[in-house]
Amino acid sequence: MQGKCMCGAVTVTATPTRKSLSACHCDMCRAWTSGAFIAMECAPGNASADGPVKVLETSDWARRAACAHCGSPLWYELKVGPVAGQRQVAAGLFPDLGDMRLGLELYIDKKPHGYAFAGADQRKQMTEADMIAMFAPKDGEDR
Ligand SMILES: [Zn+2]
Ligand SMILES: [Zn+2]
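Note that the structure is a prediction, hence the values are computed from the model and not measured.

> How should I be thinking about the overall build of the chain in this particular structure?
Counting its regular elements, the chain contains 2 helices and 11 strands. Taken across its 143 residues, the chain has 30% of its residues classed as buried. For the chain, the share of sequence-separated contacts (at least 6 apart) that also reach a separation of at least 24 residues comes to 55%.

> Could you clarify how one ought to interpret the sheet that holds strand β6 (residues 53–57) in this entry?
Backbone-to-backbone hydrogen bonds pair the strands of a sheet. The strands run either parallel or antiparallel. Pairing within the open sheet is mixed, and its 8 strands lie in the order β6-β7-β8-β9-β4-β3-β10-β11. At either margin of the open sheet sits one strand with a lone partner, and together these are β6 and β11 (124–126). In this sheet, adjacent strand axes meet at a mean angle of 30 degrees when their direction is disregarded. Note that strand β3 (residues 20–24) and strand β4 (residues 37–42) share 3 bridges and pair antiparallel. Paired with C24 across the bridge in β4 is F37.

> What exactly am I supposed to notice about unusual backbone geometry here?
For residues besides glycine, phi is generally negative; the peptide bonds are generally trans as well. With a phi close to 65 degrees, S34 is a non-glycine residue in the positive phi region. With respect to the secondary-structure elements, S34 resides in the loop between α1 (27–33) and β4. What makes S34 exposed here is the crowd of 7 C-beta atoms within 10 Å. In the Ramachandran plot, Y107 falls in the positive-phi region, its phi being about 55 degrees despite a non-glycine side chain. Mapping Y107 onto the fold places it in the loop between β10 (101–106) and β11.

Basis of the calculations
Residues numbered from 1 in each chain as written. Chains lettered and ligands numbered in written order. Predicted model: local features only at pLDDT ≥ 70, side-chain atom pairs only at ≥ 80, totals over all residues. Helix = DSSP H or I, 4+ residues; strand = E, 2+ residues; numbered from the N terminus. Buried ≥ 20, exposed ≤ 12 C-beta atoms within 10 Å, placed from the backbone. Contact = placed C-beta atoms within 7 Å. Pairing = 2+ DSSP bridges. Axes fitted to C-alpha atoms, helices over the stretch in contact; angles between N-to-C directions.

And the structure:
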């Protein structure tokens, strides 16, 4: 699939892992996008950009990329763990998402109460506690 940032300086080519989208409501994604960060998962090496990309080191475990010219969010990339290099590519870059549906919501407990995506009972929703339980190192494991 091919998409472009708002100003057109960056072209993104992506091969999503599956035909569904995720939405993240965490504080950082809300500040970054002014809403939920809606994205498609791409395995390491399956998403690339052509054009001026600014990489933002936003936490110990992930970085975000944006167009260096217009600031459009491009992707969220894990930098540690078994899927390091996996990118969640911004769905809004792609003019045609075909029949891709929203299949997962993250940090649902961080979503403001005043809005919601329809059809919540048809997808998985994870809270901050669910995310920490899934990704935090177990006792005795090296960080
Ligand atoms: Zn741009
Ligand atoms: Zn997020």
